[in-house]
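# Survey of secondary and tertiary structure
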Amino acid sequence: MISEVRLRPLRNADFDHVLELERLLFGRGAWTYGMLADELAGLGRWYIVAEPERLDAAGPQPVIGYAGLWFDGDVTQVMTIGVDPHCQRHGVGRQLLTALIERSRKLKAEAVLLEVRVDNDAAIALYAEFGFQILGVRKRYYQPEDKDAYTMRLELAEAEAVQDAPATPDDPDDEAGAA
């Protein structure tokens, strides 16, 4: 069971852990090392990881989740959220999504957009709890699985502030996504 989670900027040293989770979570559709590196190098990107906060262990902790967004100057786009299956249903995804929304507010984005597989009921329910609305369906969006995606949008001007938001990652403005 996870009691405390710390969010921090994604670093180069996290790549192997993030890619391992990608393969575990997304199978054939997982990002490769090159795709992740290219994504992080893009303008307007912001990526964070979640790790357990353990007082009884020194040194780096395992990455148990990760998330990222892209800001185009008007809206932010959630690029990915992933949580280790052993850590799901413990609030890690909620903390990551909260951080992405708070970052979007800080950037003064009008809205947050995302795509989610139409059969990912847990994620759809989480997004709906935060106020995301389904805009439409993108047919065959997820490849090579050939799965449809819902496009969802959260209007930040209309959204209420998220209660009990976790602390933002260390140095989020300076280091996150700087690989």
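Everything that follows concerns the structure shown earlier in this document.
Starting afresh in each chain, residues are numbered from 1 along the sequence in its written order. The predicted nature of this model means local features are confined to residues of pLDDT at least 70 and side-chain atom pairs, given and counted, to a pLDDT of 80 or more, with totals for whole chains, interfaces and linings taken over all residues. Side-chain measures here rest on the full set of heavy atoms in the structure, leaving out hydrogens and waters.

## Observations concerning the packing of helix H3 (residues 92-106) against helix H4 (residues 121-129)
Helix-helix packing is characterised by the crossing angle of the two axes and by the distance between the axes. An axis is simply a line fitted to the C-alpha atoms; with a helix, the fit covers only the stretch in contact. Between two such axes, the angle follows the N-to-C directions and lies from 0 to 180 degrees. Numbering goes from the N terminus for both helices and strands, where a helix is a DSSP run of H or I of at least four residues and a strand is a run of E of at least two. Contact geometry for H3 and H4: axes closest at 11 Å, N-to-C directions at 45°. The orientation of H3 relative to H4 falls into the category oblique. Of the two possible hands of crossing, H3 and H4 adopt the one that is right-handed. Across the interface between the two elements, Gly93, Arg94 and Leu97 of H3 pack against Leu126, Tyr127 and Glu129 of H4. By definition in this entry, angles of less than 35 degrees are roughly parallel, angles greater than 145 are roughly antiparallel, angles of 65 to 115 are roughly perpendicular, and the rest are oblique. Handedness of a helix crossing follows the sense of rotation of the near helix relative to the far helix, less than a right angle counterclockwise being left-handed and clockwise being right-handed. The contact definition used throughout considers only heavy atoms, calling two residues in contact when any of these lie within 4.5 Å.

## Details of the sheet that holds strand E3 (residues 65-71)
Strand order in the open sheet formed by 7 strands is E1-E2-E3-E4-E5-E7-E6, and the pairing between neighbours is mixed. Edge positions in the open sheet fall to strand E1 (5-9) and strand E6 (133-142), since each of these has one partner strand only. Mean inter-strand twist for the sheet, computed between neighbouring axes without regard to direction, equals 25°. Relative to strand E5 (residues 111-117), strand E4 (residues 76-83) runs parallel, the two sharing 2 bridges. Residue pairing in the sheet places threonine 76 in a bridge with valine 112 of E5. Across the sheet, helix H1 (residues 15-26) lies against strand E2 (45-52), E3 and E4, angled at about 95° from E3, the strand it touches most. For two strands to be treated as a pair, DSSP must find no fewer than two bridges joining them.

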